[in-house]
Amino acid sequence: MRVGDIDPIVLPAPSRILGALWDFRATALGHAATTMTEAIVGFATAVGLGIAAAIVMDRVRPIRTALYPLLVGSQTIPIVAIAPLLVIWFGFGLAPKIVVIVLVTFFPIVVALLDAFAATSPEATDLLRTLGASERQAFHLLRWPAALPALFTGLRISVPYAIIGAVFAEYVGAVGGLGIWMQISQNAFRTDLVFGAVLIVTVLSVACFLLVGVAERLLIPWHRGRRGARDS
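Residues numbered from 1 in each chain as written. Predicted model: local features only at pLDDT ≥ 70, side-chain atom pairs only at ≥ 80, totals over all residues. Heavy atoms only, no water.

Undergrad: Would you mind going over the side chain of R156 with me for this structure?
TA: If you trace the backbone, R156 turns up in helix 7 (residues 135-172). Looking at R156, the relative accessible area reads 18%, which means it is buried. Those residues in contact with R156, other than ones at most four positions away along the chain, are F209, V212 and E216. (Helix = DSSP H or I, 4+ residues; strand = E, 2+ residues; numbered from the N terminus. Buried < 20%, exposed > 50% of the residue type's maximum accessible area, 1.4 Å probe, protein only. Contact = heavy atoms within 4.5 Å.)

Undergrad: Would you mind going over unusual backbone geometry with me for this structure?
TA: Phi is mostly negative for residues that are not glycine, and the peptide bonds are mostly trans. The phi angle at F189 is positive, at roughly 60°, despite the residue not being glycine. The residue F189 is located in the loop between helix 8 (178-187) and helix 9 (191-219) in this model.

Undergrad: How do you make sense of the environment of V102 when you look at a structure like this?
TA: Its location among the elements puts V102 in helix 5 (residues 95-118). By relative accessible area, which is 14% here, V102 ends up buried. Sequence separation of V102 and V172 is 70 residues, and the distance between their C-alpha atoms is 16 Å. In this view, V102 contacts G42, T45, A46 and L49; residues no more than four positions away in its chain are not counted.

Undergrad: Which parts of the structure should I look at to understand the packing of helix 8 against helix 9?
TA: In a pair of packed helices, the angle between the axes and the distance between the axes together describe the arrangement. Viewed as axis vectors pointing N to C, helix 8 and helix 9 meet at an angle of 160°, and their least axial separation amounts to 8 Å. Between helix 8 and helix 9, the angle is such that the two are roughly antiparallel. Remark: the crossing between helix 8 and helix 9 carries left-handed chirality. Along its contact with helix 8, which presents L178, W181, M182, S185 and Q186, the element helix 9 presents L193, V194, A197, V198, I200, V201 and L204. The residue inventory of the contact of helix 8 with helix 9, partitioned by class, reads ten nonpolar, two polar and no charged. (Axes fitted to C-alpha atoms, helices over the stretch in contact; angles between N-to-C directions. Parallel < 35°, antiparallel > 145°, perpendicular 65-115°, else oblique. Left-handed = near helix turned anticlockwise from the far one by under 90°. Nonpolar A, V, L, I, M, F, W, Y, C, P; charged D, E, K, R; others polar.)

Undergrad: Explanation requested: the packing of helix 2 (residues 25-59) against helix 3 (residues 61-74) in the structure shown.
TA: In contact at an axis separation of 5 Å, helix 2 and helix 3 are set at 125° when each is read in the N-to-C sense. One way to sum up the angle between helix 2 and helix 3 is to call them oblique. Residues V56, M57 and R59 of helix 2 form the contact with helix 3, whose participating residues are R61, I63, R64, L67 and Y68. Here the contact of helix 2 with helix 3 is composed, by residue class, of five nonpolar, no polar and three charged.

Undergrad: Explain the nonpolar core here, please?
TA: It is characteristic of soluble globular proteins that their nonpolar side chains tend to be buried jointly. Grouped together as the largest cluster of nonpolar side chains are 47 residues, with contacts concentrated most on V110, L155, L178, W181 and I200. Not counting the four nearest positions on each side in its chain, V110 is found in contact with G50, A53, A54, M57 and L71. (Core = buried A, V, L, I, M, F, W, Y, C linked by side-chain atoms within 4.5 Å.)

Undergrad: Looking at this structure, I do not really get helix 3. What am I missing?
TA: For the α-helix, the turn length of 3.6 residues means that residues three or four positions removed from each other point alike. Over its 14 residues, helix 3 extends 20 Å from the first C-alpha to the last, a length consistent with the 20 Å expected when each residue adds 1.5 Å. Of all bends in helix 3, the biggest is about 35°, found at L67, and the proline P69 comes one to four residues later. For helix 3, the complete set of buried residues consists of R64, L71 and S74. Where helix 3 is buried, its residues touch helix 2 and helix 5. (Expected span 1.5 Å × (residues − 1). Bend = angle between axes of the 7 residues up to and from the residue.)

Undergrad: Quick question: what am I supposed to make of the packing of aromatic side chains here?
TA: Both the distance between ring centres and the angle between the ring planes are used here to describe each pair of aromatic rings. Under the counting rule described, the total for this entry stands at two aromatic pairs. Ring geometry for F117 against F139: centres 5.6 Å apart, planes inclined by 55°, an arrangement best described as tilted. Here F139 lies in helix 7 and F117 lies in helix 5, a separation of 22 residues in the sequence. This pair shows no difference in class: F117 is buried, exactly as F139 is. For the ring pair F139 and W144, a centre distance of 6.3 Å and an interplane angle of 35° mean the geometry is tilted. Each member of the aromatic cluster is reached from another via a ring pair, and the members are F117, F139 and W144. Over the face of the ring belonging to W22 we find R25, whose NZ or CZ atom lies 4.1 Å from the ring centre. A cation over a ring is seen here: R59 above F139, with NZ or CZ 5.9 Å from the ring centre. (Phe/Tyr/Trp six-rings, centres within 6.5 Å; stacked < 30°, edge-to-face > 60°. Lys NZ or Arg CZ within 6 Å of the ring centre and 35° of its normal.)

Undergrad: Explain a nonpolar patch on the surface to me, please; I cannot follow it from the model alone.
TA: On the surface, V56, V60, I63, L67 and L70 cluster together into a nonpolar patch covering about 380 Å² of accessible area. No other element matches the three residues that helix 3 contributes to the nonpolar patch. One can find L67 in helix 3. (Patch = residues over 30% accessible without salt bridge, like charges linked within 9 Å, V, L, I, M, F, W, Y side chains within 5 Å. Areas by Shrake-Rupley, 256 points an atom, 1.4 Å probe, with all protein chains shown as cover. Salt bridge = Lys/Arg side-chain N within 4 Å of Asp/Glu carboxyl O.)

Shape is all these values report; function is a separate question.
Here's what the structure looks like:
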């Protein structure tokens, strides 16, 4: 359905966007693969660092007191300002993309885990200690399993930002990826390809969000069953 006489350069029709994506499908797939690679590596790095930081901050109170304000302060860093500096420091390769992705996804993971560790049942902890469990055993048997639902909540929140962060980092400086493809298409007045790239970013973000949900159901099926019983 077409409404009005709008210049396709200003606002292309959905059919024109899909047609342009089909015509440039090989290029689109190549740039999408580059962006997904960056997002996966950056997000995996953020997850590993986030879990490690949350465990250390939970176990060592002085470290939490010292690092938590810095963690909050990291979210005030304007990515728009620091991303060009990262390109200058690390070049056009993978490193600046990973740094940007970690900066935008690290915080929800750490905060979700810290809150989950703090919410562990004191009665269950006391019971394990009464049975002779060490701090390490109590963590592996109680605190870590109890924190997994919160961890996946943090992952669901942060994983779309991994895609967006990768695209933004590419937009600042890259040799491949959806971000630089958007910029090239914009400079060539190919608005249809710009919208096509946006569509691909949206699809990838939703797909990653759903994949995290699938992983949650596979890894902690007991939580889904308990949540279903509570809802009913």
